[in-house]
Amino acid sequence: MNKPDNADTSLITSKELLKKTGISRATLNNYIKDGIIPRPLVRAADDLNLRVKRIGYFPQDVINRIEKIRRMKREGVSMESIIKELSEHTTKSDSRPELLSHREKIISELMKQRMPSLVSFCVLVAGLQDSSRICAELPPEEYFDLIRDIWKCMNQIFEKYYGTYGKQVGDGIVYYFFKDNDNSYIVNSIYCAIELRQKIKELDLEWKIRKGWLNDLYLNIGINEGQEFFGTISSAPNIEFTALGDSVNHAGRLSDLARYGAILTTKNLINRLSTGDRKKIRFGIRLKDHDREALVENIFSRVMDMLPLDDAKYSRFNDIATLAVTEILITSPRGELDTLTGISSNAACDA
């Protein structure tokens, strides 16, 4: 295999896992669904010879886990008992402890510094579109059920990409991705946003079935990169990080500007990506000509040029009018939807 020098040898691809264990892709997906092996970390393929751009990665010890499942089945243990024993173990021990330890390490290092301290980071701000209308339509208990559903899936995804909780503003949230030895924090923030959008689409379908309504759930996201002074709010029940400066403000304003689940980011963030990482990410601007819309990739636009002068929202974004931005796109060059859930699509097990 032709792998880059910085390939992570602590992980194994779904393709390698299937080959070494001899199980089928369907069986692997069932094990993931049953919770007896962890969901894969879906990211850009390290193997440059693979025909896919994104693939699922598992911890190496998953091989031992699959062998244990086989041994238990040979001993006559029912699948129900296997699931009960191993899924409980997975939940208690955390199948990817390096994710939590990484986050704790970042927080620990920040807390050792004299606050406030200057930190390089990415910030992701996300807000539920039309939350006031949805809140008005739903009984209070159902609205809180919806918000809890959104938070539950979001927290899992943020942990996967090493996101650190910042604070909550109304129905919106702020998460930080801190620089730690390399520039993967920028890529992590982008992949996190992409997976969030996909997860909200799945949740949207679940609530359409549950309520029989026609409402659409959209999580509008803004991402930015910068270097700002960070401090903590010690009076909160949990440690909350907050930053001073335009980096966070601009991400929040982009979240306000985004509609229908769009992911907007700045030219500054894209420019900070390495050439290789930039090639893995599709971005561009949707240009309108009368009633037609054309998607032009690999370009940016000033915010002021994205809104017609007679648009009621034009004056609301005067503070970021000259900011150069672009939209992170979800579809691949072949026009197929990138599915990052790790269970229902081949993307998890050898896309």
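Relevant structure appears above.
Described below are features of the structure shown in this document. (Residues numbered from 1 in each chain as written. Predicted model: local features only at pLDDT ≥ 70, side-chain atom pairs only at ≥ 80, totals over all residues. Heavy atoms only, no water.)

**Considerations on the pairing of strand β13 (residues 324-328)**
Part 1: Along β13, four of the five residues are buried, which leaves the element largely enclosed by surrounding structure.
Part 2: Here strand β10 (residues 283-289) runs beside β13; their pairing, made up of two bridges, is antiparallel. From the neighbouring strand, glycine 284 faces β13, where its bridge partner is glutamate 327.
Part 3: Where strand β12 (residues 301-302) meets β13, two bridges bridge the pair, whose relative direction is antiparallel. Within the sheet, the bridge partner assigned to serine 301 lies in β13 and is valine 325. (Buried < 20%, exposed > 50% of the residue type's maximum accessible area, 1.4 Å probe, protein only. Helix = DSSP H or I, 4+ residues; strand = E, 2+ residues; numbered from the N terminus. Pairing = 2+ DSSP bridges.)

**Re the packing of aromatic side chains**
Part 1: In the structure shown here, the tally under the stated rule is 10 aromatic pairs.
Part 2: With a centroid separation of 6.3 Å and an interplanar angle of 45 degrees, the aromatic rings of phenylalanine 158 and phenylalanine 177 are classed as tilted. Taken as a pair, phenylalanine 158 in helix α7 (residues 140-160) and phenylalanine 177 in strand β6 (residues 172-178) lie far apart in primary sequence, 19 residues in all. Exposure class is identical for phenylalanine 158 and phenylalanine 177. Each is buried.
Part 3: A connected cluster of aromatic rings, assembled from ring pairs, spans Trp151, Phe158, Tyr165, Tyr175 and Phe177.
Part 4: Over the aromatic face of tryptophan 207 sits the side chain of arginine 210, whose NZ or CZ is 4.2 Å from the ring centroid.
Part 5: When the ring centre of tyrosine 260 is taken as reference, the NZ or CZ atom of arginine 259 above it lies at 5.8 Å. (Phe/Tyr/Trp six-rings, centres within 6.5 Å; stacked < 30°, edge-to-face > 60°. Lys NZ or Arg CZ within 6 Å of the ring centre and 35° of its normal.)

**Quick notes on the side chain of glutamine 129**
Part 1: With respect to the helices and strands, glutamine 129 occurs in the loop between β4 (117-128) and α6 (131-137).
Part 2: Residues within four places of glutamine 129 in sequence aside, it is in contact with Ile134, Tyr218, Asn220, Arg259, Tyr260 and Gly261. (Contact = heavy atoms within 4.5 Å.)

**Focus: the packing of α7 against helix α8 (residues 184-211)**
Part 1: The N-to-C vectors of α7 and α8 enclose an angle of 155 degrees; their axes lie 10 Å apart at closest approach. Taken together, α7 and α8 sit at an angle that is classed as roughly antiparallel. With respect to the hand of their crossing, α7 and α8 are arranged in right-handed fashion. Packed against α7, whose contacting residues are Glu142, Asp145, Leu146, Asp149, Ile150, Cys153, Met154, Ile157, Phe158 and Lys160, the element α8 presents Cys192, Glu195, Leu196, Lys199, Ile200, Leu203, Trp207, Arg210 and Lys211 at the interface. (Axes fitted to C-alpha atoms, helices over the stretch in contact; angles between N-to-C directions. Parallel < 35°, antiparallel > 145°, perpendicular 65-115°, else oblique. Left-handed = near helix turned anticlockwise from the far one by under 90°.)

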